[in-house]
Structures are given as structure tokens and as C-alpha cells.
Amino acid sequence: MEVIQLLISGTSQGCVYGLIALGFVLIYKATEMVNFAQGDIMMLGAFFAFTYISILEFNFFIALAATIVTMAALGALLERTILRSMIGEPPFSVLMLTIGLGFIIRAVAGAIWGNEPRSIPTPYAGGVLSYREVIVGYENIVIILGTLLICGFLFLFFKFSRLGIAMQAVSQNQLAAYYLGVPVKRIYSLVWALSAIISAVAGILIAPVSLISPLMGFIGIKAFAAAIVGGFGSLPGAIIGGLIIGIVEQFAGLYLPTGFSDVSAYVVLLLMLLIRPQGIFASMQQKKV
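Participant: I'd like a description of the overall build of the chain, backed by residues and values.
Facilitator: Counting its regular elements, the chain contains 11 helices and two strands. Counting from the amino terminus, helix and strand elements in the chain follow one another as α-α-α-α-β-β-α-α-α-α-α-α-α. Computed over C-alpha atoms, the radius of gyration of the chain comes to 19 Å, within 12% of the 19 Å expected from 2.2 N^0.38 for 289 residues, which places it in the range of a compact globule. Based on the C-alpha atoms only, the size of the chain along its principal axes is roughly 60 × 50 × 35 Å. Each of the 289 residues in the chain was classed as buried or not, and the buried ones make up 48%. Restricting to contacts in the chain with at least 6 residues of sequence separation, those with at least 24 account for 74%. Of the side chains in the chain, 14 bear a positive and 11 a negative charge, and the two mean positions are spaced by 17 Å.

Structure follows, in C-alpha cells:
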């Protein structure tokens, strides 16, 4: 029963890593940029949800919708005003820009909301589901179900919607997509908006389990490791990589000496780079010319 308990806890934590990793992969596939501020965008989404629920006293589901709209607008605005000019620049320049953006977001969040950890009240907080010796919090169940819903939505979106197909075309060949009439720059903004939405939802899902603070965005480092483990460029790989790291963390925390849980994600990353550098799903697509 202890193993089942750890698997469920690790799966819920891994789902959060996987959702943030999805944001990394979406942006990379469309723009060839790696956004190291992804975790901080997640944190910002959690704080917006906190504002709508705890300060403005919106209904939880209305606050969720308001947070999604806010973060979509913010993601598109960041792409349009800051990141678009960096397209085609050396990867190191983009890396430093997004790292700097993360510092700015953390500073702004601390100035507005303070540095004290805060909680987001949710309709399902505190509930538990028990079967024999296995006890699962509703928060963990909602994280897993929420991740499944987002994955299902993304599958349908990219397979059947014109916008999703256009995004895939841009990720394959930006120039060819432009010649075919795809509004490439608009697609960039929409990809950043979608990535910000997914990260914000991840922040809302994890908030009842882990208090929100300006420093919670550092979870994005483990999510980046998850994206590499799964195969950077693979959407399914992002989720699988997140699950692997989340589950390994839980087992390492119980069966290994104190402190190993915090570094287990990086141990998994190093092992993957040694054994299979391209990740589990070696689907990083080559740009066609």
C-alpha cells in the first residue's frame, strides 16, 4: 500500500512538472526559443488566481476563467513586446533574456503580493479519498484529472483545429508556412499565450498542495529537466518525463537519505543524457528546407 501511495503522490507531482514542461516544448517547437521564465509565469498565474479568489472574492471557476484570460493576454504581450525581437538571435542571448525576465517577474510579484507564502482556497481542498490503507487527497486527484483534460484538449486542438494545424506547420517550417499564408507572427503570440495558460493552470493545481510564493517558479528547473528526459520537442515526452521525475522524487524521499529527493530530478537528467541524450521520445524535429 505504501508503494501505491507513493505512486499516486509522485504522479500528481509529476503532472505539474509535465504541464510546465509542455510550455517549454510548445514555445521551442514554434520559435526555437527556450523560455527559462516558464516557471515564473506559472507562479504569476497562481498569484493572479489568488487575487481573483481571495482578494476580489470571485467564484473559484470564474476566477479560473479570469486567470486563463489574463495569462493568455500576458503571454501574448510578452512575446510581442520582448521576445519577438530575439527571434533568430544566438540561443545564449535568448537564454540570458528569459533568465532576466524570470528575475523581473519574481521581483514584481514580491513587490505586489509580498514574499510570504499564501494559499488559494479551492472547493476541493482538504477532502480525502481512502481505500483500505491508501489515502489520497482530492487535490492530488484534481491535479491528475486536470492534466488529463489538458492533454486531451491539446490532442484534439492540434489534430482537428485549423489553428492547431497552423501551429504545427510553423513548428515544421516557418518560411514554408508563411508562403502558404499562415500568419507566422500571430502564431508566435498564440503559442506564448497557450504556453502561459498551461503554466498558469499548473500553478493553480499545485497551489492547494504547495503554498504559492514568488520563489515557487524555481520548480521550472525540474520541469525543464522533465522536458529533456522526455525528449525536448515531444509533447507526450514532456508529460512522461514529468511523471518519471515526480515518481522518482517520492521514492527517493522515502528510501534514500535526507536531501536525495531534491536532487533526484537532476540525477535522472544526468543518467538520461549519458544513456540516451535525445530523450525517451527522440522526436526533436529537423527543420525542413
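Alright, that's what it looks like, and here's the rest.
Participant: Go over unusual backbone geometry with me, naming the residues and quoting the values.
Facilitator: Here the phi dihedral of E57 falls at roughly 60°; this positive angle occurs in a residue that is not glycine. Locating E57 in the fold gives a position in the loop between α2 (38-55) and α3 (60-83).

Participant: Talk me through the pattern of salt bridges; I want residue IDs and the actual numbers.
Facilitator: Side-chain pairs of opposite charge can arise where the charged atoms are in close proximity. In total, this model carries three salt bridges according to the counting rule given. In this structure, the salt-bridge partner of K222 is E249, at a minimum N-O distance of 2.6 Å. Taken as a pair, K222 in helix α9 (residues 219-230) and E249 in helix α10 (residues 235-255) lie far apart in primary sequence, 27 residues in all. With respect to class, K222 is no different from E249; both count as buried.

Participant: Outline the environment of Q174, listing residues and values.
Facilitator: Take Q174: it is sitting in helix α7 (residues 174-179). Take Q174: its relative accessible area is 23%, and that puts it in the partly exposed class. In this structure, the C-alpha to C-alpha distance between Q174 and V184, residues 10 residues apart in sequence, is 6.9 Å. With near-sequence residues (within four places) excluded, Q174 lies in contact with A30, T31, V184 and Y188.

Participant: Lay out the packing of α2 against α3 with the relevant residues and their values.
Facilitator: Where α2 contacts α3, the axes come no closer than 9 Å and their chain directions differ by 140°. Put simply, α2 runs oblique to α3. Crossing of α2 over α3 shows right-handed handedness. Along the contact surface, α2 presents I41, L44, G45, F48, A49, Y52 and I53, while α3 presents F60, A63, A66, T67, T70, M71, L74 and L78. Here the contact of α2 with α3 is built from residues that sort into 12 nonpolar, three polar and no charged.

Participant: With reference to specific residues and values, describe helix α6 (residues 162-172).
Facilitator: Residues spaced three or four apart along an α-helix face the same direction, because each turn holds 3.6 residues. Residues G164, A166, M167, V170 and S171 constitute the buried set of α6. Seen along its axis, α6 keeps its buried residues to an arc of 160°; they face one direction. Tucked inside the fold, the buried residues of α6 contact α1 (2-31), α5 (138-160), α7 and α8 (184-206).

Participant: An account of the confidence of the model for the chain is requested, with residue identities and associated values reported.
Facilitator: Across the chain, the average pLDDT comes to 88, with 97% of residues at 70 or higher. When the criterion is pLDDT under 50, residues 284-289 qualifies, and its contacts beyond four places in sequence or with other chains add up to 13 contacts.

Participant: Now, about the pairing of strand β1 (residues 128-131): what can you tell me, with residues and values included?
Facilitator: Taken together, the four bridges between β1 and strand β2 (residues 134-137) define a ladder with antiparallel strand orientation. For S130, the partnering residue across the bridge sits in β2 and is I135. What sits between β1 and β2 in their antiparallel hairpin is a turn of two residues, with R132 showing a positive phi close to 55°.

Participant: Let's hear about the packing of aromatic side chains: which residues, and what values?
Facilitator: According to the stated counting rule, one finds 13 aromatic pairs in the structure shown. For the ring pair F153 and F157, a centre distance of 5.7 Å and an interplane angle of 20° mean the geometry is stacked. With F153 and F157 both in helix α5, this residue pair falls four residues apart, about one helical turn. On the basis of an interplanar angle of 70° and a centroid distance of 5.2 Å, the ring pair of F157 and F158 is categorised as edge-to-face. You can call F157 buried: its relative accessible area is 15%. Judged by relative accessible area, which is 12%, F158 ranks as buried. These aromatic residues form a ring-pair network of at least three members: F24, Y28, F36, F224 and F232.

Participant: With reference to specific residues and values, describe the nonpolar core.
Facilitator: Of all hydrophobic cores here, the largest spans 81 residues; its most connected members are I20, L194, I198, I212 and I245. Among residues more than four places away in sequence, those in contact with I198 are L19, L22, L26, I150 and L154.

Participant: Describe the state of the cysteines, and please don't skip the residues or the numbers.
Facilitator: In this structure the tally under the stated criterion is zero disulfides. No disulfide involves C15; its sulfur sits 7.6 Å from the nearest other cysteine sulfur, which is in C151.

Rules used throughout
Residues numbered from 1 in each chain as written. Predicted model: local features only at pLDDT ≥ 70, side-chain atom pairs only at ≥ 80, totals over all residues. Heavy atoms only, no water. Helix = DSSP H or I, 4+ residues; strand = E, 2+ residues; numbered from the N terminus. Rg over C-alpha atoms; globule rule 2.2 N^0.38 Å. Buried < 20%, exposed > 50% of the residue type's maximum accessible area, 1.4 Å probe, protein only. Contact = heavy atoms within 4.5 Å. Lys, Arg positive; Asp, Glu negative; His and termini not counted. Charge placed at Lys NZ, Arg CZ, Asp CG, Glu CD. Salt bridge = Lys/Arg side-chain N within 4 Å of Asp/Glu carboxyl O. Axes fitted to C-alpha atoms, helices over the stretch in contact; angles between N-to-C directions. Parallel < 35°, antiparallel > 145°, perpendicular 65-115°, else oblique. Left-handed = near helix turned anticlockwise from the far one by under 90°. Nonpolar A, V, L, I, M, F, W, Y, C, P; charged D, E, K, R; others polar. Arc of directions from axis to C-beta. pLDDT = per-residue confidence, 0-100. Pairing = 2+ DSSP bridges. Phe/Tyr/Trp six-rings, centres within 6.5 Å; stacked < 30°, edge-to-face > 60°. Core = buried A, V, L, I, M, F, W, Y, C linked by side-chain atoms within 4.5 Å. Disulfide = S-S within 2.5 Å.

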